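Spelled out, the chains give:
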Amino acid sequence: MPAVHRLILEEALQDSPQTRSLLSVFEEDAGTLTDYTNQLLQSMQRVFGAQNEMSLATQQLSKQLLEYEKQNFALGKDDEEVISTLQNFAKVVDELNSLHTHLANQLADSMVYPMIQFREKDLTEISTLKDIFGIASNEHDASMAKYSRLPKRRENEKLKADVVAEVAYARRKQHQASMQYYCALNALQYRKRVAMLEPMLGYTQAQVNFFKKGMDLVSKKMDSFLASVSNMTQSIQSQLDSETEAMRMSQRELLSVEDTMYMPDQHSAHPPVSRTLIQRAGYLNLRNKTGLVTTAWERLYFFTQGGNLMCQPRGAVAGGLVLDLDNSSVMAVECEDRRYCFQITSPTGKTSLILQAESKKEYEEWICTLNNISRQIYLTDNPEAVAIRLNQTAIQAVTPITSYEKRHDSVHTDSTRVKSGIVEQSNMAPQKPPEVPDPEDLIAPGTPIQFDIMLPASEFLDQNRTGAGRRTNPFGETEENCCSDSEDLLLQQMFSVRFLGSMAVLSGRSEEVIFEAMRQVLAARAIHNIFRTAESHLMVTSSSLRLIDPQTQVTRISFQLQDVMQFAVHQENGRLVGFVVTGPEGGGDPEPSLRVFVFESNTEGEKICYTISLGKEITEAKKDPAALAQLMKSMPLTTDGKFLLVDTEPGGALAELESEA
């Protein structure tokens, strides 16, 4: 016998779209079987009732038996054994149709009655269980919708307990109804075969018993055929019995779980959250915009496929593409009055989705999985190992280490001292390098990192109180004090930079604190998937450093050059530059008094450090006019004789040093 298709009971609780799609195939098969059974029963009743037209009735029955092969069953289309058996029965009916006039009672007991029992008992049971399953599914959806609307603020524990109990009851009820429905559909695949063969077997046996003369003609060739049909039905019945027992045991085992299995957000800690997943599937609530200010939430089945986020509604054969996850950003968001919400944003920022998970565990696993996919880990040869390694690396990146490896093998040269901003020691003789302090001595563990510079409202209003005339132009001048400022600022140099982060430090006398701050800022950005940065203009003058918004020309933050204690370029990435600022003006907060700012420049960071160093030299030289004149003479002038060139290389940055002449 060919393998019998069956629904998997273990998937009844999940109720995924794939299971629903397979269930629709079984329902279609049951509907086709019902139609065919009614047609076959009508033919049998015609044989039973039309004693005077028995010949025509048996002829019609023979034709109807041959129609089984042409039925468009969704399941069991290749059941050649049943098809061939029915074809042989059709031949027998054609041979014996003239002898059926006296078989009314026998046909009623052996042919019509079993088919009526099959229709009234089995097929009607399928229809009833289908209605019960539909009602249970609707009640579960309604309870889940009520649970999803639970407020996060001012949470009522009694209300929450009642809603959770209602969800658990509806889910258990749906689980029980679905398993009963699945078992009935699975059993129908066996009963269908028996129901097709048993009536014809009884019909043929009745013919044999009551018409000895006819049996004498055909008994020799019919014995083996009837025996094989009888063995076939007994074999199918035994398979049905064993399958029924197995489904009953599975149903009992699946229903023996604790009530917490049906309660959302009750088993989030067991097992723990897996942060190395590269595939995820499950139901999420999707927020849809229904108007200018109104939104609606829809519960849909989402799953990942490669680098794509897919969505499959109930009843759909396949899922559809929702969003390409490559290089996208995923983060938790506060959304209306709902819990466990997170947002997915495309790399361009034009497309974003807000989703709600059912529990905290699913909420964290979805965020971790989507972040892993956005890094394109799935394209590697061993994605699971890469995900585990990246997760461990990210944890280690922000974990304080007990020992600090020595970063230098030799004494710093004079150029290194210029790059690191130690102007005071540039003319001193080389000394033995001091011991490198531990990271805990440089930056306190757990120090928060600021990833953006927010302009205070008072400062913004002060800068814009008189309109656009107070905005800073590319040369740091304003319409009111242009001339007065330029007299004091002998050096003005603009650099395009991107602010990466800042954090409070404990020491500002060593360049190691800048390197450690760079490491922690970059590690924190990698862990939290913060990759987008806005470009700003860093203006270096002989008295201050200013960070200017290129669009509004508003100074976002400024430092006095005398408050810059240390500055350095990253040892491996020359575009990373950082400096230590002291005092409340540098950090924006009187406590702590030392703060490191980290930037990424479009040019070499050494040029920024050189310009800062030059500004400090000018500040010192302004105390002695003779030293200032000597410094100006040492720098080459432009063709108009007005400004000094800092970098004469092609494409290099120009520092405009205004001549006093």
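Quick caveat, the model's predicted, so the values are computed rather than measured.

1. Focus on unusual backbone geometry
Argument step 1. The backbone of Asp 15 sits at a positive phi, close to 55 degrees, despite the residue not being glycine.
Argument step 2. Along the chain, Asp 15 falls in the segment before helix H1 (17–49).
Argument step 3. Here Asp 15 falls in the buried class, since its relative accessible area comes to 3%.
Argument step 4. In this model, Tyr 340 sits at a positive phi of 55 degrees, which is unusual for a non-glycine residue.
Argument step 5. The exposure class assigned to Tyr 340 is buried, which follows from its relative accessible area of 18%.

2. A word on the packing of H1 against helix H2 (residues 54–66)
Argument step 1. Where H1 contacts H2, the axes come no closer than 8 Å and their chain directions differ by 160 degrees. Taken together, the axis directions place H1 and H2 in an arrangement best described as roughly antiparallel. Crossing of H1 over H2 shows left-handed handedness. Residue-level inspection shows Tyr 36, Gln 39, Leu 40, Ser 43, Arg 46 and Val 47 of H1 in contact with H2, the latter providing Met 54, Leu 56, Ala 57, Thr 58, Gln 60, Leu 61, Gln 64 and Leu 65.
Argument step 2. A breakdown of the residues in the contact of H1 with H2 according to their chemical character gives eight nonpolar, five polar and one charged.

3. Some words on the packing of aromatic side chains
Argument step 1. With the rule as written, the count across this model stands at 15 aromatic pairs.
Argument step 2. The interplanar angle of 65 degrees and the centroid separation of 5.1 Å between the aromatic rings of Phe 89 and Phe 225 together place this pair among those described as edge-to-face. On the criterion of sequence distance, the pair formed by Phe 89 in helix H3 (residues 80–96) and Phe 225 in helix H6 (residues 212–254) is long-range, its members being 136 residues apart. The two residues Phe 89 and Phe 225 agree in class, both being buried.
Argument step 3. Plain terms: the ring middles of Tyr 301 and Phe 303 are 6.4 Å apart, the flat faces sit at 40 degrees to each other, and that makes the pair tilted.
Argument step 4. Among the residues examined, Phe 303 registers a relative accessible area of 14% and is labelled buried.

4. As for empty space enclosed by the protein
Argument step 1. Scanning the model with the defined rule gives two cavities of 30 Å³ or more in all.
Argument step 2. Put simply, the largest cavity is a space of about 130 Å³.
Argument step 3. Along the wall of the largest cavity there are 13 residues; nearest its centre are Tyr 147, Ser 148, Asn 285, Ala 357 and Glu 358.
Argument step 4. Roughly 30 Å³ of internal volume is contained in the second largest cavity.
Argument step 5. Forming the boundary of the second largest cavity are Asp 122, Glu 125, Ile 126, Ala 184, Leu 188 and Arg 191.
Argument step 6. Looking at the lining of the second largest cavity, the elements with two or more residues in it are helix H4 (104–148) and helix H5 (157–210).
Argument step 7. Partitioning the lining of the second largest cavity into residue classes produces three nonpolar, no polar and three charged.

5. Observations regarding the pattern of salt bridges
Where charged atoms from two side chains of opposite charge approach closely, those side chains can pair.
Argument step 1. Enumeration according to the criterion identifies 22 salt bridges in this entry.
Argument step 2. One salt bridge in this structure joins Arg 191 and Asp 122, with 3.6 Å as the shortest N-O distance. Taken as a pair, Arg 191 in helix H5 and Asp 122 in helix H4 lie far apart in primary sequence, 69 residues in all.
Argument step 3. A salt bridge links Asp 162 to Lys 158, with the shortest nitrogen-to-oxygen separation between them at 3.3 Å. Here the residue Asp 162 and the residue Lys 158 both occupy positions in helix H5, the gap between them amounting to four residues, near one helical turn.
Argument step 4. What makes Asp 162 partly exposed here is its relative accessible area of 41%.

6. Examining the sheet that holds strand E3 (residues 308–312)
Argument step 1. Taken in spatial order, the seven strands make up an open sheet running E4-E3-E2-E1-E7-E6-E5, and their pairing is antiparallel. The open sheet has two edge strands, strand E4 (320–324) and strand E5 (329–332), and neither has a second partner. Adjacent strand axes in the sheet meet at a mean angle of 40 degrees, parallel and antiparallel pairs treated alike.
Argument step 2. Where strand E1 (residues 281–289) meets strand E7 (residues 352–356), two bridges bridge the pair, whose relative direction is antiparallel. Paired with Asn 285 across the strands is Gln 356, a residue of E7.

7. As for the pairing of strand E9 (residues 535–541)
Argument step 1. A large share of E9 lies buried, amounting to five of its seven residues.
Argument step 2. Bridge analysis of strand E8 (residues 491–504) against E9 gives five bridges, and the strand direction is antiparallel. Its bridge partner lying in E9, Gln 492 is registered against Thr 541.
Argument step 3. Bridge count between E9 and strand E10 (residues 544–548): four bridges; the pairing is antiparallel. By the bridge assignment for E10, Leu 538 is matched with Leu 547.
Argument step 4. Two successive antiparallel strands, E9 and E10, enclose a turn made up of two residues.

8. Re the environment of Met 565
Argument step 1. Relative to the helices and strands, Met 565 resides in strand E12 (residues 564–569).
Argument step 2. Residues Met 565 and Ser 510, 55 residues apart in the sequence, show an inter-C-alpha distance of 9.3 Å.
Argument step 3. Those residues in contact with Met 565 that lie beyond four places of it in its chain are Gly 508, Arg 509, Val 580, Thr 582 and Leu 594.

9. Side note on the nonpolar core
Argument step 1. Residues Leu 40, Val 47, Leu 65, Tyr 68, Leu 185, Met 196 and Met 200 are the most contacted members of the largest nonpolar core, which totals 62 residues.
Argument step 2. Elements represented by at least two residues in this core include exactly H1, H2, H3, H4, H5 and H6.
Argument step 3. Examining the composition of this core, we find that 16 residues originate from one element, H5, more than from any other.
Argument step 4. The next biggest cluster of nonpolar side chains, apart from the first, holds 22 residues, and it includes Val 497, Phe 567, Val 569 and Val 581.

10. A word on H4
Argument step 1. An ideal rise of 1.5 Å per residue puts 66 Å on 45 residues; H4 measures up with 63 Å between its terminal C-alpha atoms.
Argument step 2. Along H4, the sharpest change in direction is near 40 degrees and occurs at Val 112; proline Pro 114 comes one to four residues later.

11. Section: the environment of Cys 368
Argument step 1. Among the structural elements, Cys 368 can be located in helix H7 (residues 360–374).
Argument step 2. For the pair formed by Cys 368 and Arg 280, sequence separation is 88 residues and the distance between their alpha carbons is 10.0 Å.

12. Focus on the confidence of the model for the protein
Interpretation of the predicted coordinates at a detailed level should be avoided for regions scoring low in pLDDT.
Argument step 1. When pLDDT is averaged along the protein, the result is 76, and 76% of the positions lie at 70 or above.
Argument step 2. Least confident of the elements in the protein is strand E16 (residues 656–658), whose mean pLDDT is 35; most confident is E3, at 92.
Argument step 3. The low-confidence segment residues 394–433 (pLDDT under 50) makes 58 contacts with residues lying over four places distant or belonging to another chain.

13. Concerning the pairing of strand E14 (residues 594–601)
Argument step 1. Counting buried residues in E14 gives seven out of eight residues, a clear majority hidden from the surface.
Argument step 2. Pairing analysis gives seven bridges linking strand E13 (residues 576–582) to E14, with the strands arranged antiparallel. By the bridge assignment, Phe 579 is partnered in E14 with Phe 597.

Basis of the calculations
- Residues numbered from 1 in each chain as written.
- Predicted model: local features only at pLDDT ≥ 70, side-chain atom pairs only at ≥ 80, totals over all residues.
- Heavy atoms only, no water.
- Helix = DSSP H or I, 4+ residues; strand = E, 2+ residues; numbered from the N terminus.
- Buried < 20%, exposed > 50% of the residue type's maximum accessible area, 1.4 Å probe, protein only.
- Axes fitted to C-alpha atoms, helices over the stretch in contact; angles between N-to-C directions.
- Parallel < 35°, antiparallel > 145°, perpendicular 65-115°, else oblique.
- Left-handed = near helix turned anticlockwise from the far one by under 90°.
- Contact = heavy atoms within 4.5 Å.
- Nonpolar A, V, L, I, M, F, W, Y, C, P; charged D, E, K, R; others polar.
- Phe/Tyr/Trp six-rings, centres within 6.5 Å; stacked < 30°, edge-to-face > 60°.
- 1 Å grid on protein atoms, 1.4 Å probe; cavity = no way out; pocket = protein on both sides within 12 Å on 5 of 7 lines; lining within 4 Å.
- Points joined across faces, edges and corners; volume = space filled by probe spheres on them.
- Salt bridge = Lys/Arg side-chain N within 4 Å of Asp/Glu carboxyl O.
- Pairing = 2+ DSSP bridges.
- Core = buried A, V, L, I, M, F, W, Y, C linked by side-chain atoms within 4.5 Å.
- Expected span 1.5 Å × (residues − 1).
- Bend = angle between axes of the 7 residues up to and from the residue.
- pLDDT = per-residue confidence, 0-100.

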